Amino acid sequence: MKILVAVKRVVDYNVKVRPKSDGSGVDLANVKMAINPFCEIAVEEAIRLKEKGIATEIVAVSVGDKSSQEQIRTALALGADRGILVETSEELQPLAIAKLLKAVVDKEQPQIVILGKQSIDGDNNQTGQMLAALTGYAQGTFASQITVEGDSASVIREVDGGLQTLTLKLPLILTTDLRLNEPRYASLPNIMKAKKKQLDTFTPAELGVDAAPRVKTIKVEPPAERKAGIKVATVADLVEKLKNEAKVI
Ligand code: AMP
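Notes on the structure in this doc start here. Being a predicted model, the structure only gives us computed values, none of them experimental.

1. Thoughts on the pattern of salt bridges
Alright, step 1. Applying the stated criterion across every chain yields a total of 17 salt bridges.
Alright, step 2. A salt bridge links E108 to K2; the nearest nitrogen and oxygen atoms lie 2.6 Å apart. Of this pair, E108 sits in helix α3 (residues 94-108) while K2 sits in strand β1 (residues 2-6); the two residues are 106 residues apart in sequence, bridging distant segments of the chain. Judged on exposure class, the residue E108 and its partner K2 are both buried.
Alright, step 3. Between K169 and D151 there is a salt bridge, with its nearest N and O atoms 3.7 Å apart. Here K169 is found in strand β9 (residues 162-169), whereas its partner D151 is found in the loop between β7 (138-149) and β8 (152-159), with 18 residues between them in sequence.
Alright, step 4. Judged by relative accessible area, D151 falls into the partly exposed class, the value being 46%.
Alright, step 5. In the salt-bridge network here, residues are joined through shared partners; they are K2, E57, R82 and E108.

2. Some thoughts on helix α4 (residues 127-135)
Alright, step 1. Looking only at α4, the buried set comprises T127, G128, L131, A132 and T135. Viewed end-on, α4 has its buried residues packed into an arc of 135°, placing them on one side of the element.
Alright, step 2. Buried positions along α4 lie against α3, β6 (112-116), β7 and β10 (172-176).
Alright, step 3. Positive phi shows up at G136, right after α4, with a value of about 80°.

3. Examining the site of the ligand
Alright, step 1. Around the ligand there are 17 residues in total, and V63, S119, N125, Q126 and T127 lie nearest to it.
Alright, step 2. Between the ligand and N36, the relevant distance is 3.1 Å, taken from an oxygen atom to a side-chain nitrogen or oxygen of the residue.
Alright, step 3. A distance of 2.7 Å is found between an oxygen atom of the ligand and a side-chain nitrogen or oxygen belonging to T127.
Alright, step 4. Summarising the interface, the protein chains cover 99% of the accessible area of the ligand, which totals 480 Å² for the free molecule.
Alright, step 5. When residues of the shell around the ligand are traced back to their parent elements, those giving at least two are β4 (57-64) and β6.
Alright, step 6. Top contributing element to the shell around the ligand by residue count: β4, with three residues.

4. Remarks on the sheet that holds strand β11 (residues 199-202)
Alright, step 1. The mixed open sheet is built from nine strands, whose spatial order is β9-β8-β7-β10-β6-β1-β4-β5-β11. Bordering the open sheet on either side are β9 and β11, each of which pairs with just one other strand. Each strand axis lies, on average, 30° off the axis of its neighbour in the sheet, ignoring direction.
Alright, step 2. This element, α3, spans β1, β4, β5 (82-87), β6 and β11 of the sheet and lies at about 150° to β4.
Alright, step 3. Across the sheet, α4 lies against β6, β7 and β10, angled at about 175° from β10, the strand it touches most.

The rules we used
Residues numbered from 1 in each chain as written. Predicted model: local features only at pLDDT ≥ 70, side-chain atom pairs only at ≥ 80, totals over all residues. Heavy atoms only, no water. Salt bridge = Lys/Arg side-chain N within 4 Å of Asp/Glu carboxyl O. Helix = DSSP H or I, 4+ residues; strand = E, 2+ residues; numbered from the N terminus. Buried < 20%, exposed > 50% of the residue type's maximum accessible area, 1.4 Å probe, protein only. Arc of directions from axis to C-beta. Contact = heavy atoms within 4.5 Å. Near = heavy atom within 4 Å. Polar contact = N/O pair within 3.5 Å; in protein donor to acceptor, adjacent residues only side chain to side chain. Areas by Shrake-Rupley, 256 points an atom, 1.4 Å probe, with all protein chains shown as cover. Pairing = 2+ DSSP bridges. Axes fitted to C-alpha atoms, helices over the stretch in contact; angles between N-to-C directions.

This is the structure:
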């Protein structure tokens, strides 16, 4: 079976992001970019399903400008077989991305689509659910364990206060939680091989999708700075300050 994996290019999780001075967005100039960590987990899960003999082909898809090719190449180096870039420099929002992914699903007819549960830049946590609604496929979100057997899959989900187990019929949409697996690193030979793997590019117009944004960002600002703390010498000092300065006891 074919598995489609959605990978997003985001600011590397080690980078401390800064808003632009005019508050119109995040400053991306000279910032290290990477594959979204939850998408890396999605790629790893697809590779494991291929290693188990369940998947036969893994297609990595990204929506974004030309530079998103880098993240597709990373997925190819990790073990995906081919890539698709939906190329656009338009500001992208989850509904537009879900519509574009739906067009790719229609073209590719995968049995399983794996996405991250959340992109760490926008923290939207929407795309997988919207894609499930648009395709009409079953959905297993926040998966921490996936077992595929025949034409169904058992998915353990992390929910408030515990775990939920679902049995879902294929084709289905999965979104990955942090505990699903620990992604591997790409080896140098595989990074070299990935450069030769097939990567097709489509525009939203070629897929018949209007990707125009519907939500306007009004302002992006950093959280309020916290006041520096102090060290107290004794417990008595602490009690005195809590009583007379902070007035909390
Ligand atoms: P979000 O709904 O933005 O939190 O994203 C959830 C997941 O949807 C990500 O982890 C990706 O798997 C997928 N996704 C979101 N944006 C893109 C994109 N531009 N290209 C490919 N996949 C995406």
